[in-house]
Amino acid sequence: FTRKKGNKLPVFVDLKNENAQSRYIAEKILELREEGLELKDMAVLFRSGWHSNDLEVELSSRNIPFVKYGGQKFVEAAHIKDIISYLRIIHNFHDQVSWLRALLLIPGIGPKSAQRIIENLNSQKDKDNKLLKNEEVRELFGILAKFDKADLRPEEAIEKFVKYYQPLLKNKYDDYHRRLNDIESLLRIASRYVSLEDFLTDMALEPPE
């Protein structure tokens, strides 16, 4: 209930999918801002924090500042960063930061072991070396070897990594079931992209506050 007076009724807008909804909201925000309404006086309400995932990416790609209450921002979630690290390795095989994140997810691999593997990659030695005794490490290299980034769609890459990542997700996070919702959102967002580079660029945008 509200004590505020007004004669405008709520408007129901029926859109064909989640991203169409996000685009509509972003365009409406920009339209209202042009009319003089400040961004801090606008709000988008959700029943659950992960329902905002698609909109967060849309707002960030348009450089629209926002603050999220009641949940972590989508691109800042650890499990989303985990998946993105795999894609960054495909895009740049010598991305040390992404390699470190990906390797430290694996049970039995600590900072020293991870660093030795990374140093070996950068020294251009044979990838099938003695450092790759760990089964999960070999599996990760096996998945990466199958990709050709030239014609790789982001959605396709994520789908291949999800099967590998799920046991690691379950091992690392007690609330892994909830985090799976975010990964499903990531897949839906990725399905809109043809270029891996474009997808990674949008996912790297830090949402300004």
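Residues numbered from 1 in each chain as written. Predicted model: local features only at pLDDT ≥ 70, side-chain atom pairs only at ≥ 80, totals over all residues. Heavy atoms only, no water.

Asks: Before we go on, may I ask you to explain the overall build of the protein in this structure?
Replies: Within the protein, the secondary structure is distributed over 9 helices and 0 strands. Taken from the N to the C terminus, the helices and strands of the protein come in the order α-α-α-α-α-α-α-α-α. Burial analysis of the protein (209 residues in total) assigns 39% to the buried set. Surface accessibility of the protein: about 13,400 Å² in total, with carbon and sulfur atoms responsible for 50%. Measuring between centres, the 34 positive side-chain charges of the protein sit 4 Å from its 34 negative side-chain charges. (Helix = DSSP H or I, 4+ residues; strand = E, 2+ residues; numbered from the N terminus. Buried < 20%, exposed > 50% of the residue type's maximum accessible area, 1.4 Å probe, protein only. Areas by Shrake-Rupley, 256 points an atom, 1.4 Å probe, with all protein chains shown as cover. Lys, Arg positive; Asp, Glu negative; His and termini not counted. Charge placed at Lys NZ, Arg CZ, Asp CG, Glu CD.)

Asks: Please clarify how the nonpolar core should be interpreted in this entry.
Replies: Generally speaking, nonpolar side chains in soluble globular proteins are found buried as a group. Within the largest apolar cluster, 48 residues are counted, with the highest numbers of intra-cluster contacts made by Tyr86, Leu87 and Phe199. Of all the secondary-structure elements, those providing two or more residues to this core are helix 3 (78-91), helix 4 (96-104), helix 5 (111-122), helix 6 (135-145), helix 7 (154-172), helix 8 (176-190) and helix 9 (196-204). Sort the elements by how many residues they give to this core and helix 7 lands first, with 8 residues. If near-sequence neighbours (up to four positions away) are discounted, tyrosine 86 is found in contact with Ala102, Leu105, Leu140, Leu144, Phe161, Tyr164, Tyr165 and Leu168. One finds Ile25, Ala26, Ile29 and Leu55 within the second-largest nonpolar core, a separate group that totals 8 residues. (Core = buried A, V, L, I, M, F, W, Y, C linked by side-chain atoms within 4.5 Å. Contact = heavy atoms within 4.5 Å.)

Asks: Would you mind showing me how to read unusual backbone geometry here?
Replies: Excluding glycine, a negative phi dihedral is what most residues carry, and trans is how most peptide bonds are arranged. In this structure, asparagine 63 takes a positive phi of about 60° despite not being glycine. Counting through the fold element by element, asparagine 63 comes out in the loop between helix 2 (53-61) and helix 3. Accessibility expressed as a relative area gives 57% for asparagine 63, which makes it exposed.

Asks: I'm lost on the packing of helix 3 against helix 4 in this one. Help?
Replies: The relative placement of two packed helices is expressed as an angle between their axes plus a distance between the axes. Contact geometry for helix 3 and helix 4: axes closest at 8 Å, N-to-C directions at 125°. Here helix 3 lies oblique to helix 4, going by the angle between them. At the point where helix 3 passes helix 4, the crossing takes the left-handed sense. Seen from helix 3, the contacting residues are Ala78, Lys81, Asp82, Ser85, Tyr86, Arg88 and Ile89; seen from helix 4, they are Ser98, Trp99, Arg101 and Ala102. Grouping the amino acids of the contact of helix 3 with helix 4 by side-chain chemistry returns 5 nonpolar, 2 polar and 4 charged. (Axes fitted to C-alpha atoms, helices over the stretch in contact; angles between N-to-C directions. Parallel < 35°, antiparallel > 145°, perpendicular 65-115°, else oblique. Left-handed = near helix turned anticlockwise from the far one by under 90°. Nonpolar A, V, L, I, M, F, W, Y, C, P; charged D, E, K, R; others polar.)

Asks: Mind showing me how you'd approach helix 6 here?
Replies: Each α-helix winds once per 3.6 residues, and so residues spaced three or four apart point in a common direction. Among all positions of helix 6, only Val137, Leu140, Phe141, Ile143 and Leu144 are buried. Angular distribution of buried residues about the axis of helix 6 spans 160°; they occupy a single face of the element. For helix 6, the exposed residues set more than 90 degrees away from the buried face come down to Glu135 and Ala145. (Arc of directions from axis to C-beta.)

Asks: What should I look at first to understand the pattern of salt bridges in this one?
Replies: Side chains carrying opposite charge are able to pair once their charged atoms draw close together. Using the criterion set out here, one finds 11 salt bridges in the structure. Glutamate 18 is the salt-bridge partner of arginine 188, the closest N and O atoms lying 2.9 Å from each other. Placement of the pair is arginine 188 in helix 8 and glutamate 18 in helix 1 (residues 18-34), with a sequence separation of 170 residues. Here lysine 40 ties to aspartate 41 by a salt bridge, and the two come within 3.8 Å at their closest N and O atoms. Classification of lysine 40 as exposed rests on a relative accessible area of 66%. Aspartate 41 gets classed as partly exposed once you look at its relative accessible area, which sits at 49%. Each of Glu27, Glu58 and Arg62 takes part in salt bridges that share partners, so that together they form one network. (Salt bridge = Lys/Arg side-chain N within 4 Å of Asp/Glu carboxyl O.)

Asks: Would you explain the packing of helix 6 against helix 7 in this entry?
Replies: Orientation of helix 6 relative to helix 7, taken along the N-to-C sense of each, is 175°, at an axis distance of 11 Å. If you check the angle between helix 6 and helix 7, you find them roughly antiparallel. Judged by residue contacts, Glu136, Glu139, Leu140, Ile143 and Leu144 of helix 6 engage Lys160, Phe161 and Tyr164 from helix 7. Looking at the contact of helix 6 with helix 7 residue by residue, the classes come out as 5 nonpolar, no polar and 3 charged.

Asks: Would you mind showing me how to read a nonpolar patch on the surface here?
Replies: A contiguous nonpolar patch, built from Val11, Val13, Leu15 and Tyr24 and spanning about 330 Å² of accessible area, is present on the exposed surface. If you trace the backbone, valine 13 turns up in the segment before helix 1. (Patch = residues over 30% accessible without salt bridge, like charges linked within 9 Å, V, L, I, M, F, W, Y side chains within 5 Å.)

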